[in-house]
Amino acid sequence: MSSSLFIKICGLKTDRDVDTAVEAGADAIGFVFSASPRRIDAATAARLCARVPENVLTVGVFRDEPLRDVRSLATDSGIRAVQLHGPEDRGYYDGLATGGWTLIRAAAFGEPAPRHGDMGEDILLLDALVPGSGIAWDWSTKPLAAPGEKWLLAGGLTPDNVRTAVAAASPWGVDVSSGVEQTRGVKDPALITAFVRAARDRS
């Protein structure tokens with residue numbers, strides 16, 4: 001994976017989506033398995049994963065799913081990381097740790113701020129109060145994570161504001177879904193490319 005800012009493009013559903021994200025230089029691509037306009041099934045995810053080079057992390061996104069279902073979908077689809085949005089406890093994360101997947105914990109930023117590693121996750125994702133809404137939140141009010149922690153900034157990011165957000169919050173990486181869509185659930189190749197370029201622009 002890239003040694004620079006880590007970039008994840010989420011909610012991909014088509015060959016074009018995947019190819020565009022990979023060609024643009026994304027470090028990770030996400031497939032949504034929970035209820036969403038971006039939802040796909042395990043068979044589609046498996047076909048799309050086959051298009052992804054080894055250096056790009058494939059991520060399955062889940063919310064409030066039984067542990068056995070997550071393990072089954074993750075195995076059948078061939079994803080290499082599991083991202084959880086929900087009230088899962090430490091035991092739930094421990095139940096996935098044996099599967100060899102990279103674990104990503106998505107949490108809404110609040111008080112107290114979620115801390116990286118609290119559930120044994122490999123990566124923490126800090127999101128808006130309503131994940132997937134495309135609504136930006138105040139990234140600059142206070143430090144969001146300790147230096148060196150693996151955490152992704154998400155929530156309302158777009159090609160137009162990602163550079164400002166990175167400068168304000170200094171995240172390890174960023175995650176985008178609705179901010180690179182032409183309509184809800186439909187990705188725009190030009191916006192994907194523009195987002196990656198803007199996120200890595202240090203000029």
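Residues numbered from 1 in each chain as written. Predicted model: local features only at pLDDT ≥ 70, side-chain atom pairs only at ≥ 80, totals over all residues. Heavy atoms only, no water.

Enquirer: Describe helix α5 (residues 162-169), listing the residues and the values that go with them.
Expert: Every buried residue of α5 is listed here: Val162, Ala165, Val166 and Ala169. Around the axis of α5, the buried residues are gathered within 100° of arc, so they sit on the same side. Turned more than 90 degrees off the buried face of α5, the exposed positions are Thr164 and Ala167. Residues of α5 that are buried in the fold lie against β7 (151-153), β8 (173-176) and α6 (189-200). At the exit of α5 stands Ser170, carrying a positive phi of roughly 50°. (Buried < 20%, exposed > 50% of the residue type's maximum accessible area, 1.4 Å probe, protein only. Helix = DSSP H or I, 4+ residues; strand = E, 2+ residues; numbered from the N terminus. Arc of directions from axis to C-beta. Contact = heavy atoms within 4.5 Å.)

Enquirer: For the side chain of Glu65, give the residues involved together with the corresponding values.
Expert: The topology assignment puts Glu65 in the loop between β3 (57-63) and α3 (67-77). The buried charged residue Glu65 lacks any salt bridge, with Arg39 as its nearest oppositely charged partner at 5.0 Å. Each residue touching Glu65, except ones within four places of it in the same chain, is listed here: Phe33, Ser34, Val70 and Tyr92. (Lys, Arg positive; Asp, Glu negative; His and termini not counted. Salt bridge = Lys/Arg side-chain N within 4 Å of Asp/Glu carboxyl O.)

Enquirer: Tell me about the environment of Thr102, and name the residues and values.
Expert: Residue placement: Thr102 occurs in strand β5 (residues 102-108). A relative accessible area of 24% places Thr102 in the partly exposed class. Sequence separation between Thr102 and Ile79 is 23 residues, and the spatial gap between their C-alpha atoms is 9.6 Å. In this structure, Thr102 is in contact with Leu57, Arg80, Ala81, Val82, Asp122 and Ile123, ignoring residues within four places of it in sequence.

That's the geometry; what it means functionally is another story.
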